[in-house]
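Notes for the structure review
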Amino acid sequence: MIDPDRYGVSFSIKQCRNFGLDPEKTLRWLLRMGWRRFRLMSYWNEHEKEQGKFDFSALDWQMKMIENAGGTVTLCLGVKQPRWPEYHWPAWTLTLDEPEKTTALLGYVAATLQWYRKADFVQGYQLENEALLRGFGEGIDINLKRLRAEYRLVAELDDKPVYMSTSNGWGIPLRRPHPRGGVGFSIYTTMFARGAYRKTIQKPWLHRVRRFIIEKIIGKPVFIHELQLEPWGDKAIWEMTPEQQALSMSLERIRFNIDFAQRVGAYPIDLWGAEWWYWRWRDGDKTVWQQVKQAIED
């Protein structure tokens, strides 16, 4: 078993579909490989396709598999959750005005909490992934007043930890809400932007400084909720050759990124890219997963 106090993994059924993977087989493989700490998504446009009609069956089976294996879950809440297009608005919300959208979103968050809050293995919630990040995603709609209303609702309905996250970069969350569970960092080191591959200029010591400031200012712990361990190129991963994938996520870069995160010293570290690892494994290339496993064990 991979130590859940040190390492976890994000899992997205939408990303499985992008790769043409069976989500159940993918999750079963992750459990077999030893993962026990998971970040799961409650995509709004998956579970409330018609207003007021909730169907959590696609999330229920994920929860059940992890519970049966003795694992734990951090559940993402809200409209902004990991994986493209970032904002997962149901189609029926697109004609609503702002107050109506807020009311609908709060209703969905409440329904999700009421469905899962009694599950002991759900250890906490991540509210609105990288909530204030501008310039990335489709249907971007940043509303701080709405975010605070969401936070109050979650805090009232359940006493489990609530986490929020900063983007990859310089962010320090000075504005409220200050999440009672802690603050998550995203760490990406190689990205394709403005026509070229670019490497971050940040160093682990900078993230340690950010961590120190956040812990002193808001008095909450910091962890890494999203460590890049998949390619970020000029097109979708499933459209790239292995050689193209390696331009931003080679075996050496996998080890570099894990070492980078370890030197930040903010645990647990939730790894990002599990669907890609399995996709390569399924197609006969075990080197990606073997490198991930060896790097976290060293």
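Reference entry: report on the structure contained in this document.

Here we take up the overall build of the chain. From N to C terminus, the chain includes eleven helices and ten strands. Computed over its C-alpha atoms, the radius of gyration of the chain comes to 18 Å, within 12% of the 19 Å expected for a compact globule of 298 residues. Expressed as lengths along the three principal axes of its C-alpha atoms, the size of the chain is roughly 50 × 40 × 40 Å. Buried residues in the chain amount to 56% of all 298 residues. Within the chain, contacts between residues at least 6 apart in sequence are counted, and of these 78% link residues at least 24 apart. For the chain, the accessible area works out to roughly 13300 Å², and carbon and sulfur atoms hold 52% of it.

With that settled, the discussion passes to empty space enclosed by the protein. Inspection of every chain in the model, using the stated rule, returns two cavities of 30 Å³ or more. Of the volumes computed, that of the largest cavity is approximately 100 Å³. Looking at the largest cavity, it is lined by 13 residues, and the ones nearest its centre are Glu128, Ala131, Asp141, Asn143 and Arg146. Here the residues of the lining of the largest cavity sort into seven nonpolar, one polar and five charged. Secondary-structure elements contributing two or more residues to the lining of the second largest cavity are β2 (37–40) and β9 (222–228). Split into classes, the residues belonging to the lining of the second largest cavity amount to one nonpolar, three polar and three charged.

Before going further, it helps to examine the packing of aromatic side chains. Tallying each qualifying case throughout the model produces 23 aromatic pairs. A ring pair is formed by Trp44 and Tyr108, whose centres lie 5.7 Å apart and whose planes are at 20°; its orientation type is stacked. Here the residue Trp44 occupies a position in helix α3 (residues 44–47), and Tyr108 occupies one in helix α5 (residues 98–116), the gap between them amounting to 64 residues. When its relative accessible area of 1% is taken as the criterion, Trp44 is described as buried. The exposure class of Tyr108 is buried, given its relative accessible area of 1%. Judged by centre distance (5.9 Å) and plane angle (50°), the rings of Phe136 and Trp232 are tilted. Of the two residues, Phe136 sits in the loop between β4 (122–127) and α6 (144–157) while Trp232 sits in the loop between β9 and α8 (242–245), which places them 96 residues apart along the sequence. By relative accessible area, which is 32% here, Phe136 ends up partly exposed. Relative accessible area serves as the criterion here: at 29%, Trp232 is assigned to the partly exposed category. Here the aromatic residues Trp44, Phe54, Phe56, Trp89, Trp92, Tyr108, Trp115 and Tyr116 are joined through ring pairs into a cluster of three or more.

What follows covers the sheet that holds strand β3 (residues 72–77). Pairing is parallel in the closed barrel, where eight strands are placed in the order β1-β2-β3-β4-β5-β6-β9-β10. With direction set aside, neighbouring strand axes in the sheet form an average angle of 30°. Bridging between strand β1 (residues 7–11) and β2 involves three bridges; their strand directions are parallel. Bridge pairing links Val9 to Phe38 in β2. In the packing of α6 onto the sheet, the strands contacted are β3, β4 and β5 (162–165), and the crossing angle to β4 comes to about 165°. Strands in contact with helix α10 (residues 274–282) are β1 and β10 (269–272); relative to β1, the strand with the most contacts, it is inclined by about 80°.

The subject of this paragraph is the layout of surface pockets. Gaps between atoms show up when a probe of the same size as a water molecule is rolled over them. Its boundaries defined by the atoms lining it, the largest pocket holds a volume of some 1000 Å³. Surrounding the largest pocket, 40 residues form its lining, Glu86, Phe136, Tyr188, Met191 and Trp232 being those nearest its centre. Secondary-structure elements contributing two or more residues to the lining of the largest pocket are α1 (13–19), β7 (190–193) and β8 (196–199). Along the lines of polarity and charge, the residues of the lining of the largest pocket split into 17 nonpolar, eleven polar and twelve charged.

All right, on to the pairing of β8 then. Successive side chains on a regular strand alternate, one facing one side of the sheet and the next facing the other. Bridging between β7 and β8 involves four bridges; their strand directions are antiparallel. From the neighbouring strand, Thr190 faces β8, where its bridge partner is Lys199. Where β7 folds back onto β8 in an antiparallel hairpin, the turn is made up of two residues, including Arg194, whose phi is positive at roughly 55°.

Conventions used here
Residues numbered from 1 in each chain as written. Predicted model: local features only at pLDDT ≥ 70, side-chain atom pairs only at ≥ 80, totals over all residues. Heavy atoms only, no water. Helix = DSSP H or I, 4+ residues; strand = E, 2+ residues; numbered from the N terminus. Rg over C-alpha atoms; globule rule 2.2 N^0.38 Å. Buried < 20%, exposed > 50% of the residue type's maximum accessible area, 1.4 Å probe, protein only. Contact = heavy atoms within 4.5 Å. Areas by Shrake-Rupley, 256 points an atom, 1.4 Å probe, with all protein chains shown as cover. 1 Å grid on protein atoms, 1.4 Å probe; cavity = no way out; pocket = protein on both sides within 12 Å on 5 of 7 lines; lining within 4 Å. Points joined across faces, edges and corners; volume = space filled by probe spheres on them. Nonpolar A, V, L, I, M, F, W, Y, C, P; charged D, E, K, R; others polar. Phe/Tyr/Trp six-rings, centres within 6.5 Å; stacked < 30°, edge-to-face > 60°. Pairing = 2+ DSSP bridges. Axes fitted to C-alpha atoms, helices over the stretch in contact; angles between N-to-C directions.

Just distances and angles here, no functional claims.
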